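Breakdown of the fold
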4 protein chains.
Amino acid sequence: MAESTKGRILKAAVYMFSVYNYYTTSMAMIAEKAGVSKGTLYWHFASKEELFRELLVKAADYFIKVFKTTAQKSDISAVEKLYELIKLIVEAPEKKYRIKSILSKNAQFISQKSKEKLLEKREEIIEVLAGIVKQGIKEKAIQDGDPHQLAIAVLAVIFNPHGSWLIDELRDKEEQANFIFGFIMNGISTKGELK
Amino acid sequence: MAESTKGRILKAAVYMFSVYNYYTTSMAMIAEKAGVSKGTLYWHFASKEELFRELLVKAADYFIKVFKTTAQKSDISAVEKLYELIKLIVEAPEKKYRIKSILSKNAQFISQKSKEKLLEKREEIIEVLAGIVKQGIKEKAIQDGDPHQLAIAVLAVIFNPHGSWLIDELRDKEEQANFIFGFIMNGISTKGELK
Amino acid sequence: MAESTKGRILKAAVYMFSVYNYYTTSMAMIAEKAGVSKGTLYWHFASKEELFRELLVKAADYFIKVFKTTAQKSDISAVEKLYELIKLIVEAPEKKYRIKSILSKNAQFISQKSKEKLLEKREEIIEVLAGIVKQGIKEKAIQDGDPHQLAIAVLAVIFNPHGSWLIDELRDKEEQANFIFGFIMNGISTKGELK
Amino acid sequence: MAESTKGRILKAAVYMFSVYNYYTTSMAMIAEKAGVSKGTLYWHFASKEELFRELLVKAADYFIKVFKTTAQKSDISAVEKLYELIKLIVEAPEKKYRIKSILSKNAQFISQKSKEKLLEKREEIIEVLAGIVKQGIKEKAIQDGDPHQLAIAVLAVIFNPHGSWLIDELRDKEEQANFIFGFIMNGISTKGELK
DNA sequence: TATGAATGAGAGTTCATTCAT
DNA sequence: TATGAATGAACTCTCATTCAT
């Protein structure tokens, strides 16, 4: 089955927005990458912002699916779920990784524009995470705080837009995942080791 | 002493870049806010990017000073230093807060452009933080990892650009500082409570 | 009999061109109003201009018919014919009035584009009017000038595109028709009353 | 004294809008005609519509001045004033004539956009004309109707946008002016000859 | 006949930058 | 030092038109 034009555009947009950013990516660049004319972009999307929003919604949906899949597993602990999630995201293949890159890179624009639906999606992701956190609290593995707040903090670390904080330091993806997991779980204090 | 034109421009730029971002702030906007002509901007700065870079260097220098002042205190522990730093940044007055806002909001652009000097500054900040971490390790309050990596992680949380993750949730600044401090120190696991 | 597609398009075009104008009416708008696709427009008409021209020809034919019907009446004077015509046009029902509106609003574009056939139609209308004028001259009711010129002047007043000069002033259509008739017949001087 | 850039742009715009119309005249065309870059247009005018509006206001002001100059003459009758006005407009030199052309050609757009100030101007012109009509009524040369309505009718004939109704028929400008004056004063009936 | 996806030329507009004064 | 007028490249977006189905 041939790929739809809209799909090709979205794919090209994902690529361009991940390499550059919302402002440095022009509609002409996306059109060229997708191999269609500029006009075609506007047949499928009302505006650049609309295209971006749709792409973000798709990206959010992807993560919601990933998060939910892990969250719904009934046979593993909350901590194991968190570890799995972090590994999934950090070790994501090139293609999927771009989606995270866009979300990280352009996170600031999300909340400023295209509010409504996007904020809903964000809330949905947080809720899923909060569910895991709640489970962790029940299991006495996670401290007894507001699950919502803790989920937000975890999310902020996972989608940290600082380019790639540790990528330069820890080349190995497994090492990265472990470091992030350790940091989220225990912070930097020694307390963990007191145990 | 009357404020220098260059100073007025920089101040106006800080304001504009913190309210908007690098791309949505135009030279005209900065000029107007500063009360000078666009031409004057170009007498003091070679380009928009140069102006932005200089501003970022100034912002970095500000934080280096703040960080160093705290780091150099000889009578308090590393953990106390970290708490002090987080409080200083989270509870910064409106004016100083803008600087953090720029750094957070435009963090992604920093590493892509204006590399050289800026990366040096970043490294300098990390080094100061790493010094505190080292002290903490010596004091057995911080886990025995790579101080450099730990410092980067701490920094990423402090300058997290996700708008304001918790601002909407925790209105009280002291509460915010405590939450961030707790998160950095202990993560989300229960082990922290053993302490 | 179901209305033909072409007829539906023409009707939609009449509506759109009367509400907006040639340039602010897009093919997409006409297609939507007609309930057909843009492609269909191009099956029935070679181009936007062609569609417009055809519409104008239809409009002209309508007025030719109206004018001729009145002109051919054998039992009334030229002056009565003129009065009848003006009433017919001014008091035309909403639907017919649109046709006049297009002619008035877009008159300027007629002579610049789509010349040939349209100018013939215009000439035909003028000839019919000139015929009435000639009758009036014979009847010594209209001054002895060039009937062609006088017909043009009358037409220009009737199809005056100044939005609706008097519509705002004279709400009553009969009043409007009387004013226009009076103006065409006697101008603004008192002479008529001298008689 | 060198002509100002803004003046050059306005002049170029007058030319282009008189030869073409609002929609078929592009900013690029005006810029080229004026010998400046497109960007310069936007230094002097906020938008195409703004430029057009300013031009229309200037055109209206020109006619207000012309009308007032004639209206204020204390030694001639209202009828003589009207004749003078018509001659002034019909026989206007090429350059001034363009202004009338724009007003006639784009009259329809005037009332749709740029309302406020422009409608005031129109009203001002009508008032001046109405003043002349009032004088005519007092002198018993003009019929005793609503001066405002009569003025509108006169204006509509003078600024009739039907391309140039009589231009093709009456090449001689004096002849044109006489015909229009005759038409406005006496219409087409024979009564005029009683005078 | 009819559709709707695709095109591409060109529209209005913005903005970092330059430069004569 | 400072100005503001001018530039031109690039931008987002529109729309008459085409064409495979």
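Residues numbered from 1 in each chain as written. Chains lettered and ligands numbered in written order. Predicted model: local features only at pLDDT ≥ 70, side-chain atom pairs only at ≥ 80, totals over all residues. Heavy atoms only, no water.

To continue, consider the overall build of chain A. For chain A, the helix and strand inventory stands at 11 helices and zero strands. Listing every helix and strand of chain A by position from the N terminus yields α-α-α-α-α-α-α-α-α-α-α. Across the 195 residues that make up chain A, the buried fraction comes to 52%. Summing over all exposed atoms, chain A offers an accessible surface of approximately 9,200 Å²; the carbon and sulfur share of this is 53%. (Helix = DSSP H or I, 4+ residues; strand = E, 2+ residues; numbered from the N terminus. Buried < 20%, exposed > 50% of the residue type's maximum accessible area, 1.4 Å probe, protein only. Areas by Shrake-Rupley, 256 points an atom, 1.4 Å probe, with all protein chains shown as cover.)

Right, let's get into the protein's contact with DNA strand E. The immediate surroundings of DNA strand E are formed by 30 residues, with Thr5(A), Thr40(A), Trp43(A), His44(A) and Thr40(C) found nearest. If you look at DNA strand E and keep only atoms within 4 Å of the protein, 65% of those are sugar or phosphate atoms. Between Lys38(A) and DNA strand E, the recorded distance is 3.2 Å, taken from a side-chain N or O atom to a base oxygen. One of the side-chain nitrogen or oxygen atoms of Tyr42(B) is found 2.9 Å away from a phosphate oxygen of DNA strand E. Only α3 (38-44) of chain A, α3 (38-44) of chain B, α3 (38-44) of chain C together with α3 (38-44) of chain D provide two or more residues apiece to the surface near DNA strand E. Residue classes in the surface near DNA strand E are distributed as eight nonpolar, 16 polar and six charged. (Near = heavy atom within 4 Å. Polar contact = N/O pair within 3.5 Å; in protein donor to acceptor, adjacent residues only side chain to side chain. Nonpolar A, V, L, I, M, F, W, Y, C, P; charged D, E, K, R; others polar.)

All names here are of chain A. With 13 residues, helix α5 (residues 78-90) extends 18 Å from end C-alpha to end C-alpha; this agrees with the ideal 18 Å at 1.5 Å per step. Residues Ala 78, Lys 81, Leu 82, Leu 85, Ile 86, Ile 89 and Val 90 constitute the buried set of α5. Buried residues along α5 cover an arc of 155 degrees about the axis, so they all sit on one side. (Expected span 1.5 Å × (residues − 1). Arc of directions from axis to C-beta.)

Okay, the side chain of Thr70(A) next. Its location among the elements puts Thr70(A) in helix α4 (residues 48-71). Among all residues touching Thr70(A), those that are not within four sequence positions of it are Lys81(A), Glu84(A), Leu85(A) and Leu88(A). (Contact = heavy atoms within 4.5 Å.)

So, about the nonpolar core. Membership of the largest hydrophobic core comes to 126 residues, with the highest contact counts inside it found for Ile30(C), Phe67(C), Ile30(D) and Phe67(D). When residues of this core are assigned to their parent elements, the largest contribution, 12 residues, is made by helix α4 (residues 48-71) of chain C. If we ignore the near neighbours within four places in the chain, the residues touching Ile30(C) are Ile9(C), Ala12(C), Ala13(C), Met16(C), Phe17(C), Thr25(C), Leu41(C) and Leu51(C). Within the second largest apolar cluster, 125 residues are counted, among which are Ala13(A), Leu103(A), Ile9(B) and Phe17(B). (Core = buried A, V, L, I, M, F, W, Y, C linked by side-chain atoms within 4.5 Å.)

Time to look at the pattern of salt bridges. Should the charged atoms of two oppositely charged side chains come close, the side chains can pair. Taken as a whole and judged by the stated rule, the model has 32 salt bridges over all chains. A salt bridge links Glu84(B) to Lys73(B); the nearest nitrogen and oxygen atoms lie 2.9 Å apart. Pair noted here: Glu84(B) is in helix α5 (residues 78-90) and Lys73(B) is in the loop between α4 (48-71) and α5, with a separation of 11 residues, a long-range link. Lys73(B) sits in the partly exposed class, given a relative accessible area of 32%. The network of salt bridges with common partners includes Lys87(A), Glu91(A) and Glu174(A). (Salt bridge = Lys/Arg side-chain N within 4 Å of Asp/Glu carboxyl O.)

What surrounds DNA strand F is a group of 30 residues, the closest being Thr40(B), Thr5(D), Thr40(D), Trp43(D) and His44(D). Near the protein, within 4 Å, the atoms of DNA strand F are sugar or phosphate in 64% of cases. Between DNA strand F and Thr5(B) there is a distance of 3.0 Å, counted from a phosphate oxygen to a side-chain nitrogen or oxygen. Interatomic distance of 2.5 Å between a side-chain N/O atom of Thr40(D) and a phosphate oxygen of DNA strand F. Listed by contribution, the elements that provide at least two residues to the surface near DNA strand F are α3 of chain A, α3 of chain B, α3 of chain C together with α3 of chain D. When the residues that make up the surface near DNA strand F are grouped by side-chain class, the tally is eight nonpolar, 16 polar and six charged.

One pass over the structure, following the stated rule, counts 36 aromatic pairs over all chains. Taking the centre distance of 5.2 Å and the plane angle of 85 degrees together, the rings of Tyr22(D) and Tyr23(D) count as edge-to-face. Among the aromatic residues, ring-to-ring pairing joins Phe17(A), Tyr22(A), Tyr23(A), Phe52(A), Phe17(B), Tyr22(B), Tyr23(B) and Phe52(B) into one connected group. One Lys or Arg, Lys48(A), reaches over the ring of Tyr22(A) and ends 4.6 Å from the middle of that ring. Cation over ring: Lys33(C) sits above Tyr15(C), and NZ or CZ is 4.1 Å from the ring centre. (Phe/Tyr/Trp six-rings, centres within 6.5 Å; stacked < 30°, edge-to-face > 60°. Lys NZ or Arg CZ within 6 Å of the ring centre and 35° of its normal.)

All names here are of chain B. Among the structural elements, Lys 38 can be located in helix α3. Taking the C-alpha atoms as reference points, Lys 38 and Met 27, 11 residues apart in sequence, are found 6.7 Å from one another. In contact with Lys 38, other than residues within four places in its own chain, are Met 27, Ala 28 and Ala 31.

Next up on the list: unusual backbone geometry. The backbone of Lys140(B) sits at a positive phi, close to 60 degrees, despite the residue not being glycine. Structurally, Lys140(B) is set in the loop between α8 (115-138) and α9 (147-158).

A few words now on the environment of Asp146(A). With respect to the helices and strands, Asp146(A) occurs in the loop between α8 (115-138) and α9 (147-158). Spatially, the C-alpha atoms of Asp146(A) and Ala130(A) are 8.8 Å apart, while their sequence positions differ by 16 residues.

Bringing the packing of helix α1 (residues 5-19) of chain C against α4(C) into the picture now. Residue and element names in this part refer to chain C. The contact between α1 and α4 brings their axes to 10 Å, and the two run at 90 degrees. As the angle between them shows, α1 and α4 are arranged roughly perpendicular. Residues Lys 6, Ile 9, Leu 10, Ala 13, Val 14 and Phe 17 of α1 form the contact with α4, whose participating residues are Lys 48, Leu 51, Phe 52, Glu 54, Leu 55 and Lys 58. Of the residues assigned to the contact of α1 with α4, the class counts are eight nonpolar, no polar and four charged. (Axes fitted to C-alpha atoms, helices over the stretch in contact; angles between N-to-C directions. Parallel < 35°, antiparallel > 145°, perpendicular 65-115°, else oblique.)

Moving on, we get to helix α8 (residues 115-138) of chain D. The α-helix advances 3.6 residues per turn, and as a result positions three or four apart in sequence lie on the same side. Its 24 residues place the ends of α8(D) 34 Å apart at the C-alpha level, agreeing with the 34 Å of an ideal helix rising 1.5 Å per residue. Just downstream of α8(D), Lys140(D) is the residue with a positive phi angle, here 60 degrees.

Attention now goes to the packing of helix α1 (residues 5-19) of chain D against helix α6 (residues 94-105) of chain D. Residue and element names in this part refer to chain D. Here α1 crosses α6 at 50 degrees, and the two axes come no closer than 8 Å. Between α1 and α6, the angle is such that the two are oblique. Our pair here, α1 against α6, has a crossing hand that is left-handed. In this structure, α1 contributes Val 14, Tyr 15, Phe 17, Ser 18 and Val 19 to the contact, and α6 contributes Arg 98, Ser 101, Ile 102 and Lys 105. (Left-handed = near helix turned anticlockwise from the far one by under 90°.)

The subject of this paragraph is the environment of Leu119(B). By the element assignment, Leu119(B) lies in helix α8. On the basis of relative accessible area, Leu119(B) is assigned to the partly exposed category, the value being 37%.

Residues Tyr15(B), Val19(B) and Tyr20(B) make up a contiguous nonpolar surface patch of about 240 Å² in total accessible area. Mapped onto the elements of the fold, Tyr15(B) is located in helix α1 (residues 5-19). (Patch = residues over 30% accessible without salt bridge, like charges linked within 9 Å, V, L, I, M, F, W, Y side chains within 5 Å.)

Averaged over chain A, the pLDDT score is 87; the fraction of residues at 70 or greater is 87%. Of all the helices and strands in chain A, helix α11 (residues 191-194) of chain A carries the lowest mean pLDDT, 50, while helix α2 (residues 27-34) of chain A carries the highest, 98. (pLDDT = per-residue confidence, 0-100.)

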